[in-house]
Amino acid sequence: MIAKLKDFLGVDIKIDKYKKRDDAKFGKISNFKTPDEWVRSTCGYCGVGCGLYIGVKDGRPVYTKGDPAHPVSLGTLCPKGLTEHEMVDSNGRVTTPMIRKDGELKAVEWDEAFKFTSDKFKEIQSKYGKKAVACLSTGQFLTEDFYTLGKFVQLGLETNNYDGNTTLCMASAVMGYKQTFGSDGPPASYEDFSHADVIMLIGANIADNHPILKLHIAKNKKITGKKPTIIVVDPRHSKTANMADIFVPIAPRSDLALLNGLCYIIFEQGWEDEKFIKERTSGYREFKSHIMKNYPPQEVANITGIDVKELYNLAKVYATADKAMSAWTMGVNQSSIGTDTVSAICNLALITGNLGKEGASPFSITGQCNAMGTREFGFTSSIPGYRNYSSDTDRAIFADIIGVPTELIPSSRGYSYPQIIDAIDAGEIKALWVTATNPLVSFPDQNKLRRALKKLDILVVQDAFMSETAEISDVIFSASTWSEKEGTYTNSERRCNYAKKAVEPLGKTMSDTNIVIEFSKYFEGKYELLFKEFKSSEDIFNEIKRVSKGQLCDYSEMSYNKIEELGGIQWPCNEEYPEGKKRLYTEGFDCPTEDGKAKLLPLDWKPLAESCNPDFPLTLNTGRTVEQWHTRTKTKEIALLNNLAPEAWVELNPKDAIKLKVKSGDRISIGSSRGKVENIIVKVTEVVREGDCFVPFHFSEQLINSVTIADFDSKSYEPNFKQCAVNLYSDSVPNGIKMQETKIAGEIEHQKVEVELSGVKSKVEHLHH
């Protein structure tokens, strides 16, 4: 009683608990958290791929520290990485398999969960066909998990209706690389940030979403002797814009037009690299003709809101630099013209010779910790090892390597993620297996999604956490998570990192790989055909090495020991590059196209599918914040992160705040033609321009994806999360903001955007630090 009273009054400062002890590896650490051992591993959050140590005490993780020897993070971690150990034993974990009985999820043994689910899958496939079962994967698994799951879904369940949540974030980068270079695969390395003369960040708020990359930019001056010119292209003055020498506040989703306009000016001024274009590219004549005909500077200025004079300045800064690098994330990818925007970024790099050399490349920065692993070996949009479904040769080679009949390998890709939802809604798909993703928060147009999921005969969720999707499921396969299993992650720069198992799985959970392998035993002959040689994670990795040998994503000379020793290895890693290769498409390293050259592609900007209108006169932008992760399944129980960002907010320009008669801290509603979010807190800021607003998407309590539009890229199927028409409603203005006199995009041949930023001029702004 006395102890509780002291604690309440703040008298007990817990001297013994927080007293520092000496730790052989990291110096002084609090008594209660001093580990018994440190296990070297890799972070399991974003695609940066930071190295870290997991402190283990009494068999559970109690500490996370950055690995000073790791080349990616150099001993640093972001707030999520620093608290990652708290996620493992958090209250949100699902510790046992579950089945819904009498309307409630009940704990069961694995045999019952597997038998119930397998019987249901077999019944559905017998009645409706193999493809009536579908699976949605993730970007959070280990590569060994991805490979095992894909192998079972495609060759065990024999359904190709299989896709990942990476379609919601990186699919446009994949398709853009494929149509430009002939294959997926980021060409650059983080090291290039440290060598570039110019760094153009397009739709990439790395300060919030990939903060460790700022270290590589910061090293630039020490290495080159001068500070690089940093260009930030974004309709929102994000934290990253504060780093900029040149901030380009373009109109929402006008980046493709901007890129084409810069190419026009470069051709007009003779700043292109003729030698590189002639020797390393194809399609030059058609591309130049298209650009010069359709994207003169004044037209581009009308579309983007950027002054013609500043377009010329921007083109000159980029084109005349010896080494220019362009990097992007979701601002580019999450667009209905995302694929072509990625290729437009590549076009700009190609005509200026910025490919395959130190400090010069286009570069996609990956969202999830292993979105690259699923792209390489997940068996969703391609056969493992970057092989094509349509190629009889690729199918035969893969079948021979893994010892299955060629006819078992699908000859085409099945439905993409949004097509799977459509097929469920249409009654074509009857069973859905969701693994480590949470569509009830992350998918756009939640009304449509929720209507579709109610039509399923069975919903199975495989997850380590009780997500919103798991809560409505019929079956839960309870999975172990980061630190409880062994394998590899591949980061944005193609670096394969080793993630060690540090502790035993919580409760009755199993690794995702073991769940799949054990589940396969309930389908006659499938375990023997697909998994009989898999006794360990390393066995799976060895098959991945064989599958990748001779391919662009070649892992054949990697091993767990070598990966750990080198701090990760960038593929290709083979006899020619036994310690990996920093860059793709260097001199003499051809693109996997018909002629070995990169393609210059004539591509067009298109107006938004949904423009502002009298009922919905503002443009909504959605995104992330450094303190939270995706749909918060991992982070919502971590006190530090939730204290920093406990709920969603709406960023509102001061001029729009005046119209709504609100101030920071007030609460309003935000709505579109699809739905409405109530009780969202206001943050009045000039970070957003008048007529725009921003909301982070992480929070199910303020479910912003009930407002977003189901508009998808026709090539990648990635959603246009970043722009839709909305209105805002306050107690003082219950009917919302009235539309001022503006020109509505889509009603004229080219969208003309009148840009007015409060406190920020509508031209490119030169920031002095």
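A. Molecular detail of the overall build of the protein. When its secondary structure is counted, the protein shows 29 helices and 29 strands. By the compact-globule yardstick of 27 Å for 769 residues, the protein fits well, its C-alpha radius of gyration being 26 Å. Seen through its C-alpha atoms, the protein measures out along the principal axes to roughly 70 × 70 × 60 Å. Looking at the 769 residues of the protein, the share that counts as buried comes to 65%. About 28100 Å² of surface is accessible on the protein, with carbon and sulfur atoms providing 48% of the total. Within the protein, the 104 negative side-chain charges are centred at a point lying 3 Å from the centre of the 96 positive side-chain charges.

B. Looking closely at the sheet that holds strand E4 (residues 51-57). Strand order across the open sheet formed by three strands is E3-E4-E5, with antiparallel pairing between neighbours. At either margin of the open sheet sits one strand with a lone partner, and together these are strand E3 (37-42) and strand E5 (60-66). Strand-to-strand, the axes of this sheet are offset by a mean angle of 30°, without reference to chain direction. Relative to E5, E4 runs antiparallel, the two being bridged by six bridges. Bridged to Gly55 within E5 is Tyr63.

C. Seen up close, the sheet that holds strand E20 (residues 495-499). Spatial ordering of the open sheet is given by E19-E20-E21, a layout of three strands whose pairing is antiparallel. Edge positions in the sheet fall to strand E19 (487-490) and strand E21 (569-570), since each has one partner strand and no second. With four bridges connecting them, E19 and E20 associate as antiparallel partners. When the bridges of E20 are listed, Tyr489 appears paired with Asn497.

D. Molecular detail of helix H17 (residues 338-351). An ideal rise of 1.5 Å per residue puts 20 Å on 14 residues; H17 measures up with 20 Å between its terminal C-alpha atoms. Of the residues trailing H17, Gly353 is marked for its positive phi of about 75°.

E. Representation of the packing of helix H11 (residues 255-269) against helix H13 (residues 284-294) in the model. With their axes 9 Å apart at the nearest point, H11 and H13 run at an angle of 105° to one another. Taken together, the axes of H11 and H13 are roughly perpendicular relative to one another. Residues Asn260, Cys263, Tyr264, Phe267 and Glu268 of H11 pack against Tyr284, Phe287, Lys288, Ile291 and Met292 of H13. Residue classes in the contact of H11 with H13 are distributed as seven nonpolar, one polar and two charged.

F. Layout of the pairing of strand E26 (residues 676-684). In this structure, strand E24 (residues 649-652) lies alongside E26, joined through four bridges in parallel fashion. Opposite Val650, over in E26, you have Val682 as the bridge partner. Bridging between strand E25 (residues 667-671) and E26 involves four bridges; their strand directions are antiparallel. Counterpart to Arg667 in the pairing with E26 is Ile681. Here E25 folds back onto E26 in antiparallel fashion, the turn holding four residues.

G. Structural context of the nonpolar core. Judged by nonpolar contacts, the single largest core of 125 residues is most densely connected at Phe121, Trp433 and Phe477. Take this core: its biggest share by element is 10 residues, from H11. Ignoring anything within four residues of it in the chain, the contact list for Phe477 reads Trp110, Ala113, Phe114, Thr117, Trp433, Val460, Val461, Gln462, Asp463, Ile515 and Phe519. By size, the runner-up hydrophobic cluster in this structure holds 46 residues, among which are Leu142, Ala327, Phe363 and Ile638.

H. Examining the side chain of Arg60 more closely. Here Arg60 is to be found in strand E5. A polar side-chain atom of Arg60 sits 3.3 Å from a polar atom in the side chain of Glu484. If near-sequence neighbours (up to four positions away) are discounted, Arg60 is found in contact with Gly55, Val88, Asp89, Glu484, Val503, Glu504 and Leu506.

I. Structural context of the pattern of salt bridges. For the structure shown, the criterion picks out 43 salt bridges. Of the charged contacts in the structure, one is a salt bridge between Lys227 and Asp245, with a shortest N-O distance of 2.9 Å. Separated by 18 residues along the polypeptide, Lys227 in the loop between helix H10 (220-224) and strand E11 (229-233) and Asp245 in the loop between E11 and strand E12 (246-248) bring together distant segments of the chain. Taken together, the shared-partner salt bridges connect Arg60, Asp89, Arg93 and Glu484 into one network.

J. View of the environment of Asp457. As for its placement among the helices and strands, Asp457 is situated in the loop between helix H22 (446-453) and strand E17 (458-463). Along the primary structure Asp457 and Lys430 are separated by 27 residues, whereas in three dimensions their C-alpha atoms are 5.3 Å apart. Beyond its immediate sequence surroundings of up to four residues, Asp457 is in contact with Lys120, Ile124, Tyr128, Lys430 and Asp474.

K. Structural detail: unusual backbone geometry. Cis geometry is adopted by the peptide bond preceding Pro572, which originates at Trp571 and carries an omega value of 5°. The residue Lys661 is not glycine, and still its phi comes out positive at about 60°. Tracing the sequence through the fold places Lys661 in the loop between helix H29 (654-660) and E25. Overall, the relative accessible area of 59% leaves Lys661 in the exposed class.

L. Structural context of the pairing of strand E6 (residues 98-101). Where E6 lies against strand E7 (residues 104-107), four bridges are found, and the strand directions are antiparallel. Bridge pairing in E7 places Ile99 opposite Lys106. What sits between the antiparallel neighbours E6 and E7 is a turn of two residues, in which Asp102 has the positive phi angle 55°. Both E6 and strand E18 (residues 475-478) contribute to a ladder of two bridges, which runs antiparallel. If you follow Met98 over to E18, its bridge partner there is Ile476.

How each quantity is defined
Residues numbered from 1 in each chain as written. Predicted model: local features only at pLDDT ≥ 70, side-chain atom pairs only at ≥ 80, totals over all residues. Heavy atoms only, no water. Helix = DSSP H or I, 4+ residues; strand = E, 2+ residues; numbered from the N terminus. Rg over C-alpha atoms; globule rule 2.2 N^0.38 Å. Buried < 20%, exposed > 50% of the residue type's maximum accessible area, 1.4 Å probe, protein only. Areas by Shrake-Rupley, 256 points an atom, 1.4 Å probe, with all protein chains shown as cover. Lys, Arg positive; Asp, Glu negative; His and termini not counted. Charge placed at Lys NZ, Arg CZ, Asp CG, Glu CD. Pairing = 2+ DSSP bridges. Axes fitted to C-alpha atoms, helices over the stretch in contact; angles between N-to-C directions. Expected span 1.5 Å × (residues − 1). Parallel < 35°, antiparallel > 145°, perpendicular 65-115°, else oblique. Contact = heavy atoms within 4.5 Å. Nonpolar A, V, L, I, M, F, W, Y, C, P; charged D, E, K, R; others polar. Core = buried A, V, L, I, M, F, W, Y, C linked by side-chain atoms within 4.5 Å. Polar contact = N/O pair within 3.5 Å; in protein donor to acceptor, adjacent residues only side chain to side chain. Salt bridge = Lys/Arg side-chain N within 4 Å of Asp/Glu carboxyl O.

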